[in-house]
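Spelled out from the first residue to the last, the chains are:
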Amino acid sequence: MAEDVVLVTGASGYIGSHVVDNLLSRGIHVRAAARDPGRAAHLQRLPVSDGGSLDIVSMDLFDTDSVNAAVAGCSDVIHTAAAVRVVAKNPQRDIVDPSVVGCQNLVAAIDAAGCVERFVHTSSTAAISSSTFEDGRVFSNEDWCDDSSVKFNPYGLAKASAERVVRDWHAQAKDPPRLVTIHPCVTFGPPMTRRHLRGSLSYIVALIERNPPLLLPLHVNIVDVRDVAEAHVRALRGGQPGGRYLVVGGHAWFRDIAKVLEDEFPDRKWPRRQIPYSMALLAALFHPKITVSWARAHLRKQSFFDASPAERELGMEWRPMEESIIDTVHPILDNDWV
């Protein structure tokens, strides 16, 4: 019988790299797909446990031939590839299409290959949380981001739309693979390359660079990237078939994150004062990654996510938030990446 081969899409990305690391540590055969394999060189330095192997292949989700070639012969697919952007000049092209069209091409390739037994799709809490919400709202895996649009919250639209592509396909397919979706929130933890500083880690980079020098009145839910990877790997065979699993380990205001960093790195200057709400709205007018509409919907407000199904059904335990924050910053400073 042929040995299992796990395809990881977006393998050079932040979450994808840690998924590859987790699989290799278990002695699993990994096919790591990246649009530019040259950016996946850091994966070749990962330790490989007995029985495991790593094959890095080129795959562009918009190129059906490359997607078909990457999927062929694989028993499992972990799909982490997506555009991690919240603002773009052309959000349909740069944010929504990479997720939606990419998923359409991937599930078509799975159908054509006929060998995939398990499929884990990386979604997001952005597919769960509504674009606007009441302060203190608790979201569960039954919720969907149904009020998003290309103009307002294109990232939420991309993640919800991509997941619906996957679930609609799965519901209609004659003999589909086992499907589970994983929904991370803001993800911290050790980056493997400078390129990983985009997305969630841009929050940390902003604090390191003190840009802006004042703290936004922003509350975020946090999970460690190593826990995200663990949840993906456990979901290959664990959890409920068709399950949606929120992976959230803690939550904090920006001022709390800055205090953790100030205590750990007292020789560096960190932002201390929180910017008033009215000034934060004004700053959003000139910020390259924040819109005024987003600021109005999120600043000064808290939302939470029920991760108990992942704890109960996947057996997940979460690293302390402080550990995740600190472990994010050490590689950045040690490698002089900012």
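Please refer to the structure placed before this passage.
Residues numbered from 1 in each chain as written. Predicted model: local features only at pLDDT ≥ 70, side-chain atom pairs only at ≥ 80, totals over all residues. Heavy atoms only, no water.

### Describing unusual backbone geometry
A positive phi angle is found at Arg300, which is not glycine, with a value near 70°. Mapped onto the elements of the fold, Arg300 is located in the loop between helix 9 (292-298) and strand 12 (303-305). The phi torsion at Asp336 lies on the positive side, around 55°, for a residue other than glycine. If you trace the backbone, Asp336 turns up in the segment after helix 11 (321-334). (Helix = DSSP H or I, 4+ residues; strand = E, 2+ residues; numbered from the N terminus.)

### Quick look at helix 1 (residues 14-25)
In this model, helix 1 (12 residues) spans 17 Å end to end at C-alpha, consistent with the 16 Å of a helix rising 1.5 Å per residue. The buried fraction of helix 1 is high, at 10 of 12 residues. Residues of helix 1 that are buried include every one of Tyr14, Ile15, Gly16, Ser17, His18, Val19, Val20, Asn22, Leu23 and Leu24, and no others. Once helix 1 finishes, Gly27 follows within two positions and takes phi at roughly 75°, a positive value. (Expected span 1.5 Å × (residues − 1). Buried < 20%, exposed > 50% of the residue type's maximum accessible area, 1.4 Å probe, protein only.)

### Points about the pairing of strand 10 (residues 244-247)
Side chains Arg244 and Leu246 of strand 10 all project onto a buried face; the interleaved residues Tyr245 and Val247 project onto the opposite face, where all are buried too. In the sheet, strand 7 (residues 178-184) pairs with strand 10 via four bridges, with the strands oriented parallel. Bridge assignment links His183 to a residue of strand 10, and that residue is Leu246. (Pairing = 2+ DSSP bridges.)

### Remarks on the sheet that holds strand 3 (residues 53-58)
Taken in spatial order, the seven strands make up an open sheet running 3-2-1-4-5-7-10, and their pairing is parallel. Looking at the sheet topology across the chains shown, the edges are occupied by strand 3 and strand 10. The average undirected angle you get between the axes of adjacent strands in this sheet is 20°. The pairing of strand 2 (residues 29-34) with strand 3 spans six bridges and is classified as parallel. Within strand 3, the residue paired with His29 across the bridge is Ser53. Along the sheet face, helix 6 (residues 225-235) touches strand 4 (76-79), strand 5 (118-122), strand 7 and strand 10 and points at about 170° away from the line of strand 7. (Axes fitted to C-alpha atoms, helices over the stretch in contact; angles between N-to-C directions. Contact = heavy atoms within 4.5 Å.)

### Brief notes about the pairing of strand 2
Where burial is concerned, most of strand 2 is hidden: six out of the six residues are buried. Alternating positions in strand 2 separate into two faces, His29, Arg31 and Ala33 on one and Val30, Ala32 and Ala34 on the other, with burial throughout. Judged from the four bridges that link them, strand 1 (residues 5-9) and strand 2 form a sheet pairing that is parallel. Looking at strand 2, one finds that Val8 is bridged to Ala32. Remark: the strand 1/helix 1/strand 2 crossover connection has right-handed handedness. (Right-handed = clockwise from strand over helix to strand, strands pointing away.)

### A look at the side chain of Arg118
Among the secondary structure elements, Arg118 is positioned in strand 5. Look at Arg118 and you get buried, because its relative accessible area is 10%. Among the polar contacts listed, one links the side chain of Arg118 to the side chain of Asp76, at a separation of 2.3 Å. Those residues in contact with Arg118, other than ones at most four positions away along the chain, are Asp4, Ser75, Asp76, Val77, Pro177, Arg178, Leu236 and Arg237. (Polar contact = N/O pair within 3.5 Å; in protein donor to acceptor, adjacent residues only side chain to side chain.)

### A closer look at the packing of aromatic side chains
Counted under the stated rule, the structure contains five aromatic pairs. Measuring from ring centre to ring centre gives 5.6 Å for Phe139 and Phe305, while their planes differ by 25°; the resulting arrangement is stacked. In this pair, Phe139 sits in strand 6 (residues 137-139) while Phe305 sits in strand 12, placing the two residues 166 residues apart along the sequence. Following the ring pairs from residue to residue traces out a cluster consisting of Phe133, Phe139 and Phe305. In this structure, Arg268 packs its charged tip against the face of Trp270, placed 6.0 Å from the ring centre. (Phe/Tyr/Trp six-rings, centres within 6.5 Å; stacked < 30°, edge-to-face > 60°. Lys NZ or Arg CZ within 6 Å of the ring centre and 35° of its normal.)

### Observations concerning the packing of helix 7 (residues 254-264) against helix 11
It is the contact of helix 7 with helix 11, at a shortest axis distance of 10 Å, that shows an interaxial angle of 60°. Put simply, helix 7 runs oblique to helix 11. Judged by the sense of rotation from one axis to the other, the crossing of helix 7 with helix 11 is right-handed. Every residue of helix 11 that contacts helix 7 at Ile257, Val260, Leu261 and Glu264 is listed here: Glu322, Ile325, Ile326, Val329 and His330. Grouping the constituent residues of the contact of helix 7 with helix 11 by class yields six nonpolar, one polar and two charged. (Parallel < 35°, antiparallel > 145°, perpendicular 65-115°, else oblique. Left-handed = near helix turned anticlockwise from the far one by under 90°. Nonpolar A, V, L, I, M, F, W, Y, C, P; charged D, E, K, R; others polar.)

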